[in-house]
Structures are given as structure tokens and as C-alpha cells.
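Tertiary structure, described
Okay, here's what each chain looks like letter by letter:
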Amino acid sequence: PVAALLAPDILDLLEEDPSSVALETEEMHPADLADVAEALPEERLVAFLTALPTARAADVLEYLSEDMRSLALEAMSTRQAAALVTEMTPDDRADVLEELEEERAEEILQEIPAAARAETEALLQYEPDSAGGRMTTEFVSAPEAITVEEALHRVRVLARTERREALYTVYTTDAAGRLLGVLSLRELLAAPEGAHLADVAWTDVQTVLPTAPQADVVRLASDYDLVAVPV
């Protein structure tokens, strides 16, 4: 109902002063903006998204229905579409491209930065309903040899400068980056000063292979009361 009430005002702004759309909607949650977008005439969807800052439009795109998302990305220029999906989290970016026609997805993929493209191509190798198809590459890891204080500093830096979906869990690794242990952000905050991660992390880590069916991941998360499962 709110979206239906707001849609006419947004249409007026798009006609009279598109540059004001971002300011007028800056306090709205992306999910609510997605509802507004769904209430607009289809031919005004792209104009609405391009009136928003790129990162904000990417957030809205994630909340749109699959059909509306595909419609928007098909109607945009390849460069515009690439700019939006680049701002999305890696797993959502892969999911969105998976929804498109293969030729269109490839066009967009070729326009995104090399690092994001390689990350996305790696995720697209897996079946959508597998652990690999559902996983994100945005998580927090730290060498087990560092102190709790050093790890907290690392978490703060990542939280301020990068998008990390799994920020509530910290994974400890050896010098080669292999997974050794896990602890929650709460456990990290409560750890004794001066302790090393190796002293406080849990080493009995439940993991799954990228090819594991989604149902297996759900069962493991339920059995062990996990909020995240390493792949």
C-alpha cells in the first residue's frame, strides 16, 4: 500500500527532476524502494534505478522479484547493468546473472572489473542449489598466530572499508590460508587480552564441499546450530 501511494510521486519526480529522487528516498530501506519500483510502470523502472546512486540501486535490485530484475538488466545498457551487478555481493551477483539469458549474462560479465569477473565466474561453475552456488566469498579470516587485539583491529578495518556478509564469524587459518578454526564475533570480543586466536578458536569445524546439495547444508546448520557453514 505504501509503495502504491509513493509511486505517483516518484513518477512526477522522474518527469520533473530526476536528480532529486535519490535525496527524496534516501531514508527508505532498499526493500521498500524495491516495492516502489515494482509499483511503477515497467517502462519507468530503468529510469528509477538510474536516478539512484549506483550502490543504492544495486541494493534495490537485490530485493526486486526475479522477473523485474531480469527486465531491468535486459533494458539497460550493458555498461549500466555491469555497474549495478559489480556493486552486488558476489553470491547475489552470480544468482542474478544465472537468471539471465546466457548471451546477455556473458555481455554483462565481460564489462565488470577483472577481479569481480573472476570471482563471479568461479561461483557460476556450481549448481544454483549446491553449497557452491549458495556460498559467498565475502567472509572474515585471520591467521591463528595473531592476537585477539590484532584480530579485532582487522575486523574493524574490514567492516569500515569492505562488504563482508559473514562478519559475525571469524575463521582462523594457517600460513597457507587453510581453515583451522572458527569463533564468533561475540567470542572474539570476550576473549582474554593478549590471547592468540589459536588459544580461543574452536578447532572442530563443520564444513561442506562446494558440490554438496543445499539440503545437506541446511541439515548441518540445523544439527549444529550454525549461522554460517564454511565451504
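What you see as residue numbers is a count from 1 along each chain, following the sequence as written. Given that the model is predicted, a residue must reach a pLDDT of at least 70 before its local features are reported, and side-chain atom pairs must reach 80 or more before they are shown or counted; all residues, however, enter totals for whole chains, interfaces and linings. Side-chain figures throughout are based on the complete set of non-hydrogen atoms in the structure, without hydrogens or water.

Quick look at the overall build of the chain now. Strands here are runs of E lasting at least two residues and helices are runs of H or I lasting at least four, both read from the DSSP assignment and numbered beginning at the N terminus. Across its full length, the chain carries 15 helices and three strands. Considering only C-alpha atoms, the chain reaches an extent of 60 × 35 × 35 Å along its principal axes. Burial status follows relative accessibility: with a 1.4 Å probe on protein chains alone, a residue under 20% of its type maximum counts as buried, one over 50% as exposed, and anything between as partly exposed. For the chain, buried positions account for 39% of its 231 residues. Put simply, of all contacts in the chain between residues at least 6 apart along the chain, 62% involve residues at least 24 apart. With an accessible surface of roughly 12,900 Å², the chain has 51% of that area assigned to carbon and sulfur atoms. His is not counted, nor are the chain ends; Lys and Arg add positive charge and Asp and Glu add negative charge. Positions of charges follow a simple convention, taking NZ of Lys, CZ of Arg, CG of Asp or CD of Glu. Mean positive and mean negative side-chain charge positions of the chain (16 and 48 charges, respectively) differ by 6 Å. When checking whether two residues touch, look at their non-hydrogen atoms; a contact exists if any pair is within 4.5 Å. Computed by Shrake-Rupley with a 1.4 Å probe, the accessible areas treat only the displayed protein chains as cover when residues are assessed.

This paragraph deals with the layout of surface pockets. A cavity here means a set of points on a 1 Å grid, drawn over the protein atoms and nothing else, where a 1.4 Å probe fits but cannot get out; a pocket is an open set with protein on both sides within 12 Å along at least five of seven lines, and a residue lines either one if it has an atom within 4 Å of a point. Grid points are joined across faces, edges and corners, and a volume is the space filled by probe spheres set on the points. Of the voids in this model, the largest pocket is the one considered here, and its volume is about 630 Å³. Every element with two or more residues in the lining of the largest pocket is listed here: helix 11 (131-134), strand 1 (139-143), strand 2 (166-173) and helix 15 (214-223). Three residue categories are used. Nonpolar comprises Ala, Val, Leu, Ile, Met, Phe, Trp, Tyr, Cys and Pro, charged comprises Asp, Glu, Lys and Arg, and polar comprises the others, including Gly. Looking at the lining of the largest pocket residue by residue, the classes come out as 17 nonpolar, six polar and two charged. The space that makes up the second largest pocket amounts to roughly 370 Å³. In this structure, the second largest pocket is lined by 17 residues; those nearest its centre are Thr169, Val182, Trp202, Leu226 and Ala228. Of all the elements in the fold, those that place two or more residues in the lining of the second largest pocket are strand 2 and strand 3 (179-184).

In this section: the nonpolar core. In these notes, a set of buried Ala, Val, Leu, Ile, Met, Phe, Trp, Tyr and Cys residues joined through side-chain atoms within 4.5 Å is what counts as a nonpolar core. The biggest cluster of nonpolar side chains holds 38 residues, and the ones touching the most others in it are Phe48, Leu49, Leu61, Leu73 and Ile108. Residue assignment for this core shows that the elements contributing at least two residues are helix 1 (2-16), helix 3 (30-39), helix 4 (45-50), helix 5 (54-63), helix 6 (66-75), helix 7 (78-87), helix 8 (90-99) and helix 9 (102-111). Beyond its immediate stretch of four places on either side in the chain, Leu61 contacts Leu49, Arg69, Ala72, Leu73, Leu84 and Met88. Counting residues in each nonpolar core, the second largest holds 15 residues, with Val148, Ala151, Val155 and Leu158 among its members.

Turning next to the packing of helix 5 against helix 7. Note on definitions: angles span 0 to 180 degrees between N-to-C directions of axes, and those axes are lines fitted to C-alpha atoms, for helices only across the stretch in contact. Taken N-terminus to C-terminus, the directions of helix 5 and helix 7 make an angle of 75°; their axes are 8 Å apart at the nearest point. Regarding the angle of helix 5 to helix 7, the classification is roughly perpendicular. On the side of helix 5, the interface is formed by Thr54, Ala55, Ala57, Ala58 and Leu61, while helix 7 contributes Ala83, Leu84 and Glu87. Any angle from 65 to 115 degrees is called roughly perpendicular, while one under 35 is roughly parallel, one over 145 is roughly antiparallel, and all others are oblique.

A few words on the side chain of Thr89. Counting through the fold element by element, Thr89 comes out in the loop between helix 7 and helix 8. In the analysis that follows, any N or O atom pair within 3.5 Å is treated as a polar contact, provided that within protein one partner can donate a hydrogen and the other can accept it, and provided that, for residues neighboring in sequence, both atoms belong to side chains. A distance of 3.1 Å separates a polar atom in the side chain of Thr89 from a polar atom in the side chain of Asp91.

Between helix 7 and helix 9, the shortest axis-to-axis distance is 8 Å and the interhelical angle comes to 70°. Compared by their axis directions, helix 7 and helix 9 come out roughly perpendicular. Contacts from Thr78, Arg79, Ala81, Ala82 and Val85 in helix 7 reach Arg104, Glu107, Ile108 and Glu111 in helix 9. Taken together, the residues that form the contact of helix 7 with helix 9 break down as four nonpolar, one polar and four charged.

Met68, Arg69, Ser70, Ala72 and Leu73 are the residues of helix 6 that are buried. On its buried face, helix 6 sits against helix 3, helix 4, helix 5, helix 7, helix 8 and helix 9.

Each pair of aromatic rings taken from Phe, Tyr and Trp, with Trp reduced to its six-membered ring, is defined by centres within 6.5 Å and is described as stacked if the planes are under 30 degrees apart, edge-to-face if over 60, and tilted in the remaining cases. Applying the stated criterion to the full structure yields one aromatic pair. Measuring from centroid to centroid gives 6.3 Å for Phe139 and Tyr171, while their planes differ by 80°, and the two rings are edge-to-face. Taken together, the residues Phe139 in strand 1 and Tyr171 in strand 2 connect sequence positions 32 residues apart.

Take the environment of Glu26 next. Mapped onto the fold, Glu26 is located in the loop between helix 2 (21-24) and helix 3. The partly exposed category is assigned to Glu26, whose relative accessible area is 48%.

Okay, the pattern of salt bridges next. Two side chains with opposite charge may pair up if their charged atoms get near one another. The working definition used for a salt bridge is a side-chain nitrogen of Lys or Arg within 4 Å of a carboxyl oxygen of Asp or Glu. For the coordinates displayed, the defined rule picks out seven salt bridges. A salt bridge links Arg134 to Asp129, with the shortest nitrogen-to-oxygen separation between them at 3.2 Å. The partly exposed category is assigned to Asp129, whose relative accessible area is 48%. With a closest N to O distance of 2.9 Å, Arg178 and Asp174 form a salt bridge.

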